[in-house]
Amino acid sequence: MKECNKYYIVTIGKLHLIRISTNIIEILANLLLYIYWSVIIFNFTVGMDSSKYYYLRPLMNILALVLVFYKVRRNQIIYIRRIFLFIILTFALGFVSSIYNHVYQISDYIYAIFASSGIALLMLQFKMYKITSNALYWIFVIKFIIYFVQNSGNMWYFLEAGGNSRNYISVILFILTSFIFMSYGYRKGRNKYLYVVSIVDLILCILSVGRGGIISGFLLLFLMIYVWLKKSNLKQTLFRIIVVLLLAIVVYLYVVSNGFTDIILGGFATNGTDTPRTMEIWLPYINKLKNPFNLLFGANYLDYISNYGHLHNSYLMVHVRFGLCAVVILVVMLIKASNKIWKNNPFLGMLILVFMVRAFTDSMISFNYCDSVVLYWLFISLKKGDDLNEAKKTT
């Protein structure tokens with residue numbers, strides 16, 4: 001297959017078989033991305049038949065791989081090989097951990113790969129249209145507002161249909177926000193819309209009363225404001241500082257008047273003991289890591305976790321599934337991806353760091369609907385030299 005102006009020509013030897021417009025392929029890629037993430041949002045807000053949902057994600061990832069096949073160029077083969085080796089390494093680490101701690105089966109790891117890697121590669125190879133990212137984001141925001149009004153502000157059951165609590169509202173928001181940051185990019189002096197999106201994120205995080213989401217929402221907005229202040233002259237900086245302080249006062253008065261300080265701090269306060277609630281979940285597992293084999297390959301947490309569902313920490317859950325090496329590799333690669341993306345798109349780069357902070361209080365990485373986005377970032381970290389120049393349009 002070779003690229004010719006605005007067409008991809010599929011050939012066998014000198015015989016030209018099919019000529020496909022690049023625009024059509026891009027439209028199909030964006031349509032598939034929209035359907036994939038719409039299915040995830042629809043599942044968590046309305047609920048789907050579990051068997052259909054289980055097979056639908058791998059099917060769409062296979063379709064994504066077909067589209068990726070049309071986009072891959074000869075000079076990208078080495079990079080694709082790197083991704084393939086990374087997936088094999090990940091599977092190998094999971095295989096060893098599953099044999100040692102017996103928490104997950106090999107089929108779980110195979111499904112996770114087929115349910116996320118294709119979409120990750122699709123996002124890597126094709127630029128997401130603004131209409132795609134905006135449609136996904138604002139449809140979710142509108143669904144949130146409608147549910148908020150209908151239920152008098154009680155958002156606890158908004159995602160219950162998909163088996164998640166209100167805490168994951170912020171996770172979905174950050175994923176959809178990353179799509180907007182990807183599609184718009186960073187344009188000096190022309191990022192007002194991106195600030196509006198981050199403010200909407202924070203408002204919805206506050207209304208959903210999720211501690212991790214509120215803290216992460218503030219962190220994202222403050223980092224974006226830092227970039228905003230850094231790019232201005234002295235007079236603009238003073239004016240913007242005043243605006244930020246006034247907004248901070250308004251937000252503080254709203255938070256205090258509605259009792260949100262107790263809600264935010266409550267998750268880190270004591271609950272009848274001297275141990276914070278989150279640490280009540282983490283400490284039993286951390287104590288198991290005194291065993292060097294548990295430390296290396298992950299421990300079985302199922303004997304005490306029944307009251308909590310999971311460890312409420314993405315890094316501990318990655319440790320259970322893949323072991324210590326995987327946790328180190330994950331953190332290093334995410335930081336590396338943030339650094340690479342930051343050069344061309346600082347807002348998306350800082351969002352990765354915010355996502356990493358948010359991951360401390362919920363299971364968001366591996367065996368999760370976030371996997372495609374996380375894999376996309378990890379694949380970015382595998383890029384080198386000329387590969388990065390080729391991928392600037394995706395970041």
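Shown above is the structure to which this text applies.
Cut-offs applied
- Residue positions are given per chain, counting from 1 as you read along its sequence in written order.
- Since the coordinates come from a predicted model, pLDDT governs what is reported: local features require at least 70, and pairs of side-chain atoms require 80 or more to be given and counted, while whole-chain, interface and lining totals use all residues.
- For the side-chain quantities, the full set of heavy atoms in the structure was used; hydrogens and water were omitted.
- The way it works is that DSSP assigns letters per residue, a run of H or I at least four long becomes a helix, a run of E at least two long becomes a strand, and they are numbered from the N terminus.
- Partly exposed describes any residue whose relative accessible area lies between the buried limit of under 20% and the exposed limit of over 50%, with all areas from a 1.4 Å probe on protein chains only and scaled to the type maximum.
- By definition in these notes, contact holds between two residues if any of their heavy atoms fall within 4.5 Å.
- Only the protein chains shown count as covering a residue, and every accessible area follows the Shrake-Rupley method with a 1.4 Å probe.
- Salt bridges are counted wherever a side-chain nitrogen of Lys or Arg sits within 4 Å of a carboxyl oxygen of Asp or Glu.
- Side-chain atoms within 4.5 Å are what join buried Ala, Val, Leu, Ile, Met, Phe, Trp, Tyr and Cys residues into a set we call a nonpolar core.
- Note on definitions: angles span 0 to 180 degrees between N-to-C directions of axes, and those axes are lines fitted to C-alpha atoms, for helices only across the stretch in contact.
- Oblique is the label for every angle not falling under 35 degrees (roughly parallel), over 145 degrees (roughly antiparallel), or within 65 to 115 degrees (roughly perpendicular).
- Note on convention: the crossing is left-handed when the near helix lies turned anticlockwise from the far helix by less than a right angle, right-handed when the turn is clockwise.
- Three residue categories are used. Nonpolar comprises Ala, Val, Leu, Ile, Met, Phe, Trp, Tyr, Cys and Pro, charged comprises Asp, Glu, Lys and Arg, and polar comprises the others, including Gly.

Bringing the overall build of the protein chain into the picture now. Summing up its helical and strand segments, the protein chain has 18 helices and three strands in all. Residues counted as buried form 49% of the 395 residues belonging to the protein chain. Look at the contacts in the protein chain between residues 6 or more apart in sequence, and 71% of them connect residues 24 or more apart. Within the structure as shown, the protein chain displays about 19,400 Å² of accessible surface, and the carbon and sulfur contribution to it stands at 67%.

With that out of the way, let us pick up the side chain of S183. Examined against the element boundaries, S183 turns out to sit in helix α7 (residues 169–184). In contact with S183, not counting residues within four places along its chain, are K127, M128, Y129, K130 and S133.

A few words on the pattern of salt bridges. If you walk through the whole model with that rule in mind, you get one salt bridge. Of the charged contacts in the structure, one is a salt bridge between D362 and R358, with a shortest N-O distance of 2.9 Å. Note on accessibility: D362 and R358 belong to one class, buried.

Looking now at the nonpolar core. In this structure, W37, L122, M123, F179, W377 and F379 are the most contacted members of the largest nonpolar core, which totals 110 residues. Tallying contributions element by element places α7 first for this core, with twelve residues. What L122 contacts, discounting residues up to four positions off in sequence, is A29, L32, L33, A64, L67 and V68.

Take the packing of helix α8 (residues 192–207) against helix α9 (residues 211–230) next. Any two packed helices are characterised by the angle at which their axes cross and by the distance between the axes. Where α8 contacts α9, the axes come no closer than 8 Å and their chain directions differ by 160°. By the criterion of interaxial angle, the relationship of α8 to α9 is roughly antiparallel. Relative to α9, the crossing made by α8 is left-handed. Residue-level contacts link L194, Y195, S198, I199, D201, L202, C205 and I206 of α8 to G213, I214, G217, F218, L220, L221, M224, I225, V227 and W228 of α9. Residue composition of the contact of α8 with α9, grouped by class: 14 nonpolar, three polar and one charged.

Next up on the list: the environment of P346. Looking at where P346 falls in the secondary structure, it is placed in helix α16 (residues 346–358). In this structure the C-alpha to C-alpha distance between P346 and M224, which are 122 residues apart in sequence, comes to 8.6 Å. Sequence-distant contacts of P346, defined by excluding residues within four places in its chain, comprise Y186 and I341.

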